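# Architecture and fold: a report
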Amino acid sequence: MSTHAATGAIDHHHDHTTTTGIPNKKLFMWAFLASDCMFFGALISTHLIYRLHPTPNQPDIVGLFSLELTSFSTFILLMSSLLMALAVNACQKGNVPATRKMLLGTIVFGLIFLTCQVYEFNHFVQKGLTLKSSMFGSTFYTLTGTHGCHVAIGVLWLSLMYIRSFKPADGSPWILKSVVHLLILTAVTVTAIKALLGGVHAIHEHGLTREALAVLFEHELASLAVAAIGFVALIMLGRNQQAPEFGEANAIDVESMGLYWHFVDIVWIVIFTAVYLLEYL
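## Quick notes on empty space enclosed by the protein
- Taken as a whole and judged by the stated rule, the model has 1 cavity of 30 Å³ or more.
- There is about 50 Å³ of room inside the largest cavity.
- Lining the largest cavity are L69, T70, S73, F113, C116, Q117, E120 and W268.
- Among the secondary structure elements, those contributing two or more residues to the lining of the largest cavity are helix 4 (67-92) and helix 5 (96-126).
- Sorting elements by how many residues they give to the lining of the largest cavity places helix 5 first, with 4 residues.

What follows is the structure in structure tokens.
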């Protein structure tokens, strides 16, 4: 008899011990997200209002933005939302290995988004757009920087949840193995991002040509190899033979984390439209 059948079906959407029928953790998360909606609403409104009244020292925004890079990072963040949904579904079914893989994918995609944002900020500063250079710079960095902080907090939360999934039911040591996982994950992410940025530079210089591909492999072959080896090592180390304490009972924790991550993604869609796409109309 399966564990699910032995313990009985778990209702992931209603908690009959509360007066609302909603689990307390989920209710708290919805309350937090409601307050965050008002917070981001104020930041986005401020940016749009001051956009209508540009200061004399405002740089050429259209010439400054790289719509290709921002579109790519937006796509990455949206795909991370899909992986997060798959992680929630896997946890609700008690499939711990699949939950770990989806959490890892979400972490990697979140780090790629943050790297693209840091690269973009560095490019803007070099071109003269700083927090104090103009009103646009002040509202832009405040809005997008605050969103980046939310993504970073989400990545940290995902990493802690990933570590938690390795806690064995018999109480044997598990912290060291989880830390090793995260160290390998960090190495894989850094090398993959290095190769990604190298590809962005190659495409900017040579376009989508064979020459750009040749330059990428010439300069980033070692990074690609390290990322591939590290990814295989993560899969091998993820084969935990011990029964974990983590399972269906933790589905509400993963679901609450998923609500936060989906909210961050939705907010970015609004920011991408209001801050970036609006400049091209």
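From this point, the narrative continues.
## A short note on the nonpolar core
- In this structure, F65, M84, F140 and V254 are the most contacted members of the largest nonpolar core, which totals 55 residues.
- Residue assignment for this core shows that the elements contributing at least two residues are helix 2 (24-51), helix 3 (61-64), helix 4, helix 5, helix 6 (135-164), helix 7 (175-206), helix 8 (210-237) and helix 9 (251-276).
- It is helix 9 that contributes the most residues to this core, 15 residues altogether.
- Setting aside its immediate chain neighbours within four residues, M84 contacts L103, T106, L158, V254, M257, G258, W261 and H262.
- With 6 residues, the next largest nonpolar core counts L69, I76, C116 and L197 among its residues.

## Considering the pattern of salt bridges
- This model, assessed by the stated rule, comprises 3 salt bridges.
- In this structure, E255 and K26 form a salt bridge, with 2.9 Å as the shortest nitrogen-oxygen distance. Placement of E255 in helix 9 and of K26 in helix 2 is noted, with a sequence separation of 229 residues between them.
- On the basis of relative accessibility, which here comes to 9%, the residue K26 falls in the buried class.
- Of the charged contacts, one joins E279 and R51 as a salt bridge, the two residues approaching to 2.8 Å between their closest N and O atoms. Of this pair, E279 sits in the segment after helix 9 while R51 sits in helix 2, and the two are 228 residues apart along the sequence.

## Quick look at the packing of aromatic side chains
- Counted according to the given criterion, the structure contains 17 aromatic pairs.
- The interplanar angle of 40° and the centroid separation of 5.6 Å between the aromatic rings of F65 and F124 together place this pair among those described as tilted. Placement of F65 in the loop between helix 3 and helix 4 and of F124 in helix 5 is noted, with a sequence separation of 59 residues between them. F124 shares its class with F65; the two are buried.
- A network of ring pairs unites the aromatic residues F65, F113, F121, F124, F136, F140, Y141, W268, F272 and Y276 as a single cluster.

## Describing the side chain of S73
- With respect to the helices and strands, the residue S73 is situated in helix 4.
- Within polar-contact distance, the side chain of S73 engages the backbone oxygen of T70 at 2.8 Å.

## Structural notes on the packing of helix 2 against helix 9
- Axis separation between helix 2 and helix 9 bottoms out at 11 Å; the angle between their running directions is 10°. Considering their axes alone, helix 2 and helix 9 lie roughly parallel with respect to each other. Across the interface between the two elements, K25, K26, M29, W30, F32, L33, D36, C37, F40, I44, H47 and L48 from helix 2 touch I252, D253, E255, S256, L259, Y260, F263, V267, V270, I271, A274 and V275 from helix 9.
- Looking at side-chain class alone, the contact of helix 2 with helix 9 contains 17 nonpolar, 2 polar and 5 charged residues.

## Quick word on the environment of G154
- Inspection of the secondary structure puts G154 in helix 6.
- Between the alpha carbons of G154 and G258 there is a distance of 9.4 Å; along the sequence they are 104 residues apart.
- Ignoring sequence-local partners within four residues, the contact set of G154 consists of Y260 and W261.

## Here we look at helix 2
- In a regular helix each residue adds 1.5 Å, so 28 residues correspond to 40 Å; helix 2 covers 41 Å between its end C-alpha atoms and thus fits that length.
- For helix 2, the full list of buried residues reads K26, M29, L33, D36, F40, L43, I44 and H47.

## Section: a nonpolar patch on the surface
- Residues L213, F217, L221 and L224 make up a contiguous nonpolar surface patch of about 360 Å² in total accessible area.
- For F217, the location among the structural elements is in helix 8.

What counts as what
Residues numbered from 1 in each chain as written. Predicted model: local features only at pLDDT ≥ 70, side-chain atom pairs only at ≥ 80, totals over all residues. Heavy atoms only, no water. 1 Å grid on protein atoms, 1.4 Å probe; cavity = no way out; pocket = protein on both sides within 12 Å on 5 of 7 lines; lining within 4 Å. Points joined across faces, edges and corners; volume = space filled by probe spheres on them. Helix = DSSP H or I, 4+ residues; strand = E, 2+ residues; numbered from the N terminus. Core = buried A, V, L, I, M, F, W, Y, C linked by side-chain atoms within 4.5 Å. Buried < 20%, exposed > 50% of the residue type's maximum accessible area, 1.4 Å probe, protein only. Contact = heavy atoms within 4.5 Å. Salt bridge = Lys/Arg side-chain N within 4 Å of Asp/Glu carboxyl O. Phe/Tyr/Trp six-rings, centres within 6.5 Å; stacked < 30°, edge-to-face > 60°. Polar contact = N/O pair within 3.5 Å; in protein donor to acceptor, adjacent residues only side chain to side chain. Axes fitted to C-alpha atoms, helices over the stretch in contact; angles between N-to-C directions. Parallel < 35°, antiparallel > 145°, perpendicular 65-115°, else oblique. Nonpolar A, V, L, I, M, F, W, Y, C, P; charged D, E, K, R; others polar. Expected span 1.5 Å × (residues − 1). Patch = residues over 30% accessible without salt bridge, like charges linked within 9 Å, V, L, I, M, F, W, Y side chains within 5 Å. Areas by Shrake-Rupley, 256 points an atom, 1.4 Å probe, with all protein chains shown as cover.

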